[in-house]
Amino acid sequence: MEFSAQQIASFLNGTIAGNPEVKVDRFSKIEEGCAGSLTFLANPKYESYIYHTQASIVLVNSDFVPSAVIRATLVKVPNAYAALAMLMNLVEQAKPKKTGIAPTACIAVSATVDAASYVGPMACIGEQSVIGKGCLIYPHVCIGDRVTVGEGTIIYPHVTVGDDTVIGRNCILQAGAVIGSDGFGFAPKGDTYLKIPQTGNVVLEDDVEIGANTAIDRAAMGSTLIRRGVKLDNLIQIAHNVEIGEDTVMAAQTGIAGSTKVGGHCMFGGQVGLAGHIRIADHVHIGAQSGAFRDIAEAGSVIGSPVVPVRNFFRSSVLFNRLPELYRTLNRLEKEVEELRKNNHKQNYQNAETENACG
């Protein structure tokens, strides 16, 4: 599809600096821009590229002031990154959608699949499951019994959805995700462990995205609950009975232990680990490779293992780099103190001998 700068500006409620008639039909990175492509500048680190890019149109923030001549047409918007996402979604939605049920799909007689949905080859849908309007169920997806999948949800190949799972509208489950596997529940019995049946389910509310090879365990009792708008990256582990609040985002390899409650609008970096049975407040940002073992009761940014406020962490990190020097200084001072102690003891002994001689 081809769009002019004027059409793009109208769609985004932006303003144009340059030729409003120039047209684009593809996206590009700013450093690899070519004629006929649209790119964006949101991070100041990449500003140097805008003066040399061959892209025809560049989305920029409204407050951007160039320091040199720019050949490309600029479309100024309040948030260039968000505007790019809107355009990319527009193009994606315009692509033709798959429809129909593949002959090799295995659908239980008691299941219901909306006529406007697609079910790919070798996909399986269990008893009494319901697939809503406009869903895309790609090849080799396995959906268990009594599962509900909301309108417009996309489930990519090799996803497994366990029995009784509830998936909302407009969700995206990337390839290889496992939703509703057994939670890690075992009761010690002597020197062995007795498996605790996991009788609950998983609930994904609307507009949730689950990354490739991410696993979300079913609850032991009740539900593991992923609230509206949550975005989970690849290779994340969510244990049984966890709750994640609205619009929280987590980067790859994060792990959340059982029964932990995470608030809304939180942001977790990669490889964050949370202990079980703790609570994380709304609007908490946790830096990469951090570990939280206790409740975090207030909004803010934390980092480290165990986590501490970011400002405290960076103050401490200055000392970390000086630890070898401080250790050497401490050793030297200890030796000096010990030497002074010996000299003092020797002087006291000599004074005592002198006094005895005089006495």
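Scoring rules and cut-offs
Residues numbered from 1 in each chain as written. Predicted model: local features only at pLDDT ≥ 70, side-chain atom pairs only at ≥ 80, totals over all residues. Heavy atoms only, no water. Buried < 20%, exposed > 50% of the residue type's maximum accessible area, 1.4 Å probe, protein only. Helix = DSSP H or I, 4+ residues; strand = E, 2+ residues; numbered from the N terminus. Arc of directions from axis to C-beta. Phe/Tyr/Trp six-rings, centres within 6.5 Å; stacked < 30°, edge-to-face > 60°. Contact = heavy atoms within 4.5 Å. Pairing = 2+ DSSP bridges. Salt bridge = Lys/Arg side-chain N within 4 Å of Asp/Glu carboxyl O.

A. Representation of helix α1 (residues 5–12) within the structure. Buried within α1 we find Ala5, Ile8, Ala9 and Leu12. Each buried residue of α1 lies within a common arc of 100 degrees when the element is viewed along its axis, so the set occupies one face. Following α1 by one or two positions, Asn13 has its phi on the positive side, about 55 degrees.

B. The arrangement of the packing of aromatic side chains in detail. Applying the stated rule across the entire model yields six aromatic pairs. An angle of 20 degrees between the planes, with centres 5.6 Å apart, marks the rings of Phe40 and Tyr81 as stacked. Note that Phe40 is positioned in strand β5 (residues 37–41) and Tyr81 in helix α3 (residues 80–94), a separation of 41 residues in sequence. For Phe40, a relative accessible area of 25% translates into the label partly exposed. Residue Tyr81 is classed as exposed on the basis of its relative accessible area, which comes to 56%.

C. Spotlight on the environment of Ala9. Of note, Ala9 is situated in helix α1. Ala9 gets classed as buried once you look at its relative accessible area, which sits at 4%. Taking the C-alpha atoms as reference, Ala9 lies 8.0 Å from Lys76; in sequence the two are 67 residues apart. Among all residues touching Ala9, those that are not within four sequence positions of it are Gly14, Ile16 and Val75.

D. A look at the pairing of strand β7 (residues 73–77). Burial analysis of β7 places four of its five residues in the buried class, which makes it a mostly covered element. Where strand β2 (residues 15–17) meets β7, three bridges bridge the pair, whose relative direction is antiparallel. Bridging from a neighbouring strand, Ala17 pairs with Leu74 of β7. In this sheet, β7 lies alongside strand β6 (residues 57–61) in parallel orientation, the contact comprising five bridges. Within β7, the position partnered with Asn61 by the bridge is Val77.

E. Representation of the side chain of Ser117 in the model. As for its placement among the helices and strands, Ser117 is situated in the loop between β10 (112–113) and β11 (118–119). When its relative accessible area of 1% is taken as the criterion, Ser117 is described as buried. Each residue touching Ser117, except ones within four places of it in the same chain, is listed here: Thr99, Gly100, Ile131, Gly132, Lys133, Gly134 and Cys135.

F. Local environment of the pattern of salt bridges. All chains considered together, the criterion is met by 14 salt bridges. Notably, a salt bridge pairs Glu205 with Arg227, separated by 2.9 Å at the nearest N-O pair. In this pair, Glu205 is assigned in the loop between β24 (201–204) and β25 (209–210) and Arg227 in the loop between β27 (223–226) and β28 (231–232), connecting sequence segments 22 residues apart. For Arg341, the salt bridge identified is with Glu338, shortest N-O distance 2.9 Å. Taken as a pair, Arg341 and Glu338 lie in helix α4 (residues 310–358) at a separation of three residues, close to a single helical turn. Taking relative accessible area as the criterion, Glu338 reaches 32% and is therefore assigned partly exposed. Connected through salt bridges with shared partners, the residues Arg146, Asp164 and Arg218 form a single ionic network.

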